[in-house]
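Here is how the chains run, residue by residue.
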There are 2 protein chains.
Amino acid sequence: MEELATEQEAEESHRQDSVSLLTFILLLTLTILTIWLFKHRRVRFLHETGLAMIYGLIVGVILRYGTPSTSGRDKPFSCSLEDRPFTTLLVNVSGKFFEYTLKGEISPGKIHNVEQNDMLRKVTFDPEVFFNILLPPIIFHAGYSLKKRHFFRNLGSILAYAFLGTAVSCFIIGNLMYGVVKLMKLVGQLSDKFYYTDCLFFGAIISATDPVTVLAIFNELHADVDLYALLFGESVLNDAVAIVLSSSIVAYQPTGENTHAFDAAAFFKSVGVFLGIFSGSFMMGAVTGVVTALISKFTKLHCFPLLETALFFLMSWSTFLLAEACGFTGVVAVLFCGITQAHYTYNNLSVESRSRTKQLFEVLHFLAENFIFSYMGLALFTFQKHIFSPVFIIGAFIAIFFGRAAHIYPLSFLLNLGRRHKISWNFQHMMMFSGLRGAMAFALAIRDTATYSHQMMFSTTLLIVFFTVWIVGGGTTPMLSWLNIRVGVDPDQDPPPTNDSFQVLQGDGPDLERRNRTKQESAWLFRLWYSFDHNYLKPILTHSGPPLTTTLPSWCGLIARCLTSPQVYDNQEQLREEDSDFILNDGDLTVTYGDTTITANGSSGPHTATTSLDGRRTKSSSEEALERDLGAADHEITSRGTRLVFPLEDNA
Amino acid sequence: MEELATEQEAEESHRQDSVSLLTFILLLTLTILTIWLFKHRRVRFLHETGLAMIYGLIVGVILRYGTPSTSGRDKPFSCSLEDRPFTTLLVNVSGKFFEYTLKGEISPGKIHNVEQNDMLRKVTFDPEVFFNILLPPIIFHAGYSLKKRHFFRNLGSILAYAFLGTAVSCFIIGNLMYGVVKLMKLVGQLSDKFYYTDCLFFGAIISATDPVTVLAIFNELHADVDLYALLFGESVLNDAVAIVLSSSIVAYQPTGENTHAFDAAAFFKSVGVFLGIFSGSFMMGAVTGVVTALISKFTKLHCFPLLETALFFLMSWSTFLLAEACGFTGVVAVLFCGITQAHYTYNNLSVESRSRTKQLFEVLHFLAENFIFSYMGLALFTFQKHIFSPVFIIGAFIAIFFGRAAHIYPLSFLLNLGRRHKISWNFQHMMMFSGLRGAMAFALAIRDTATYSHQMMFSTTLLIVFFTVWIVGGGTTPMLSWLNIRVGVDPDQDPPPTNDSFQVLQGDGPDLERRNRTKQESAWLFRLWYSFDHNYLKPILTHSGPPLTTTLPSWCGLIARCLTSPQVYDNQEQLREEDSDFILNDGDLTVTYGDTTITANGSSGPHTATTSLDGRRTKSSSEEALERDLGAADHEITSRGTRLVFPLEDNA
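Residues numbered from 1 in each chain as written. Chains lettered and ligands numbered in written order. Predicted model: local features only at pLDDT ≥ 70, side-chain atom pairs only at ≥ 80, totals over all residues. Heavy atoms only, no water.

So, the packing of helix α13 (residues 351-382) of chain B against helix α17 (residues 452-482) of chain B
All names here are of chain B.
So, step 1. Taken N-terminus to C-terminus, the directions of α13 and α17 make an angle of 125°; their axes are 10 Å apart at the nearest point. Judged by the inter-axis angle, α13 sits oblique to α17. The chirality of how α13 crosses α17 is left-handed. Each of Phe 373, Met 376, Gly 377, Ala 379 and Leu 380 in α13 lies in contact with α17, whose residues at this interface are Leu 462, Leu 463, Val 465, Phe 466 and Val 469.
So, step 2. Among the residues forming the contact of α13 with α17, the class breakdown is 9 nonpolar, 1 polar and no charged. (Axes fitted to C-alpha atoms, helices over the stretch in contact; angles between N-to-C directions. Helix = DSSP H or I, 4+ residues; strand = E, 2+ residues; numbered from the N terminus. Parallel < 35°, antiparallel > 145°, perpendicular 65-115°, else oblique. Left-handed = near helix turned anticlockwise from the far one by under 90°. Contact = heavy atoms within 4.5 Å. Nonpolar A, V, L, I, M, F, W, Y, C, P; charged D, E, K, R; others polar.)

What about the pattern of salt bridges?
So, step 1. Counted by the stated rule, this structure contains 10 salt bridges over all chains.
So, step 2. The salt bridge involving Arg 356 of chain A is made with Glu 352 of chain A; its shortest N-O contact spans 3.1 Å. With Arg 356 of chain A and Glu 352 of chain A both in helix α13 (residues 351-382) and 4 residues apart, this pair spans about one turn of that helix.
So, step 3. Arg 356 of chain A sits in the buried class, given a relative accessible area of 7%.
So, step 4. A residue is classified by how much of its surface remains accessible, and Glu 352 of chain A, at 35% relative accessible area, is partly exposed.
So, step 5. Here the salt bridges do not stand alone but share partners, grouping Glu 352 and Arg 356 of chain A together with Glu 362 of chain B into one network. (Salt bridge = Lys/Arg side-chain N within 4 Å of Asp/Glu carboxyl O. Buried < 20%, exposed > 50% of the residue type's maximum accessible area, 1.4 Å probe, protein only.)

Here we look at unusual backbone geometry
All names here are of chain B.
So, step 1. Of note, His 222 is a non-glycine position whose phi angle comes to about 50°, a positive value.
So, step 2. Within the fold, His 222 resides in the loop between α8 (212-221) and α9 (225-251).
So, step 3. Relative accessible area serves as the criterion here: at 40%, His 222 is assigned to the partly exposed category.
So, step 4. Positive phi, close to 60°, is recorded for Asn 484, a residue that is not glycine.

Looking at the packing of helix α14 (residues 390-418) of chain B against helix α15 (residues 425-433) of chain B
Residues and elements named next belong to chain B.
So, step 1. At a minimum axis distance of 9 Å, the contact between α14 and α15 shows a crossing angle of 150°. For the element pair α14 / α15, the angle class is roughly antiparallel. As α14 packs across α15, the resulting crossing turns out to be right-handed. Here Phe 401, Arg 404, Ala 405, Ile 408, Tyr 409, Ser 412 and Asn 416 of α14 come into contact with α15, specifically with Trp 425, Gln 428, His 429, Met 431 and Met 432.
So, step 2. Split by residue class, the contact of α14 with α15 holds 7 nonpolar, 4 polar and 1 charged.

Next up, the structure:
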């Protein structure tokens, strides 16, 4: 009978699991149907993620106040251990042995809350679910669908925003919040410890921007592609930076007496942790991407799209696991894996596998993202350890405003010194405005809610996400119109070069000289990378690029012949054309740095490039290709898109 | 420091989780690459599932004998409870509270084995993973990709094989095994209890056939479509029957003193459980399928393939959860949901969503299936509670042979009495030969390995799966050739009707009369279903079929007008044509029962049908449509495929 009771209990537990998952599925279904209705009626003031949160909130309220408390049923048994807790516990129940596994620590004040409500407990997921199941497809998809042409054109600015900007934002927010905490202590609003490192940690997690709603509207209205690239690139990379930054702050543990004062050794250790984890994760992602590219190049898997897609999926997932197993950050590794896969492997896939992989990750991304946002809505009511402190919350809102401002405006000013295409004030305001917080901030905040300070941060993060997604998301369309940002730009089908480009090419003497200098100073790194990528990586990893036999020194002849795919000789140019939609049009690399020098040096420049494109070339040096690409890219930039008066639509 | 130790332990545990998952991913990657090599070189003696098992075995051996035992590190703590075990345990460790969750019972003899080897423990999944994560996509895909035309043509036989056949097989195997168990008791080979119900349970789990390797070869060689339909249909449905049958046997718990003798009340309760679970699961699957069809019909979701695909995925998944939450069997519900989705919803999807959903489930199915087979290979060495009893194993092999024989031959004889297209001896031998055991038998066996008898059954099932997949899978190609079964049949592009059909139409007097009688006796149920489906369900749930305004009585005019989609009036015929590839060509329904009567009644029959197809019909009665379809279907059957001499290829 005992056995039966246990079995029934397990069955009951399984049933509740099913019901809780079903709740989320129904939430998502509702979200999808409503979103369809919104899209159908062209309502743009509420994005699907915002909607998912609202539905989540409603269900959260129902679960919180509508379901009966079942606390009496399962009084937890207490038994004392002298030693540290084990991961596995063996319990002897009247002669039978049962195995228990550690779930986590419970703060003493909350003991009576455990098991308070089965349903609430069931809908509360292990935070690691976000990091191990839901975030990877989201982040991978971000990397895989990066519009590479525009991304690489603005690479320098994006990297600056992501690395410098996130660090600045983290530092500013951390310090402002430390002020707020000091104030709270003075007023007597703080009942537990709240250290400076906690404030910095908060700064790190809240610096992960996620302008998902803004980008969705950009996509729909075809807003300016450069602004899109800046925003998207920054948000993707600063997620990675924020994760690693928060781990480094956690790793900052000064030794000795004064455990919460500054310690240079611990600080440098943290910096080392940051660099180590970031570069390690980057390497992992790049390596598995490269391995997949090699496999897909040298096998004829493309005859079997199912096998190819399965392999692609497995290799991308293995990146995550490999990084986690080695102690790096899986989510960051997955991001760089996605970028590598898009840059190399994508070229080797069969046409069917290309659409399969894109669609597969699109669906996974869509489901995971909306799931997280529903969960956020739900968590506001079902999470049991909320600490809402009005002072802290107001302080946090002010801090993220200043943090974002200190991140965007000074950096944009510095970047504009080097950029030919200045980031205009309108763009800067739009970037300032688009500093939404989303899935990543939430996942980082919920990961550790053990202490008082972390619980307060979690509750505050939740409110910040709600506020920014709803208000900022809803305000994007009017904001775009108000800031006069051009829409209706077609990023892929650039119109053919017209006479307009001529005006840009007319640089005056000193300007030309400056640009020449800029090119020599800043662009050498990109030129180096470009020529390496174009001459060695692309030919080795894909079927495109110049044959290795022409780029490698002659003594590597045998290896070069083995590695070069036969297609290269035949349809080198043809493949390049195919690439251009989804994959980096490599030439865009250095344009950011004002390199119109090649075309501006002589009026025959562009023509030479065009001629070399037409002619059947058996040998292409990297310089030649770069020149040609730069010429082409230059045409493109100057002639792309028209500034439209934004049609003011239904702005709520 | 304590906290730190726990954290490090959790991190270590997470790392090991990653490594174990990574192991499986590498296994799958290896399998994919080898399978590509095999396909590339047209090797057919080993299927991907067989290969996955071999790789699993190798890794299992390495893990078992190659990794150090880490038993000393985590001695489990024992503490005694007087009461029954709780699902949650609260443990006080020097003032801090930790929550533990119940993992399962451990038999007393195995206590020292717990934690024996962390790695082995990590690669051992919770058996419920199979039922809740891996089986649903496999089973759904089976239902969704059922070749409906041939499935429905042989529906009667398939149902007979699946229901009667599985029951017969279960009963025969159960009884034979009970004899073996008795023998073992006599010889002294049995050290613990082994009841009659255990034997029947074994009969149920081992009756779930899974001719995955045979079907793969059939697909590749385009073997006879009717045989394919019989095998595939039977295997899909008998999985469902075997699951429900095994639950009913577990539910057979006689009350009173003599707990393991026959008890009529308990027996009828078990029968009731079988019927209840089966019909309940069927209903759940059908209902969610119908709801999805309605949603996809009445919204314009097909403008947004991503939303449509996501909705389709969520609704199909919710079937599973809904059934589980209501106490039915999710896997069975998912099967019927798949069939319903294919029959109705598929028609409403946009072209992109059709390929997206098919490809999505194809990839999921592929990954899940190969994962299960790798896991099987691994489990042979890493599972810690194996009991190999040579007598039981040999007995089991003999029993499944006789069970299969007693299932196929007598049933085929009975079916042949009613079938026009007799199931030839060759087909019967092939079906006998194709009784492989696979994922479902394994999942059912591993679900409960608590007792001695169940552990012995699990080990035996594992060996049976290995043996049948390797030997039978490898022998399929020579067997096909030896049994002279035609290959190279194109199931979709039936050649146009030729004069051949005339020979079949010439029925002699008595035969015609008998067929007429058979039609009136057996086919009325199908005629009823057909007319209901064609006149009401199809028009309500899809954009095809006759307008409801013509089929519903006139007083339902308003409802009929609301439910009928405007497309129906326009392109009724056109849509029917589109269906025919993937979705049931409805007319095939009754052909199994020898209903050539309509065309045989008068020589003008088929011509009338053809004429009515040509003319633009504004009103179609179900009888008329059925007649037309039967005529068409008849043409088709008689002229489809040519008997080829099987090209004997590289048969190992």
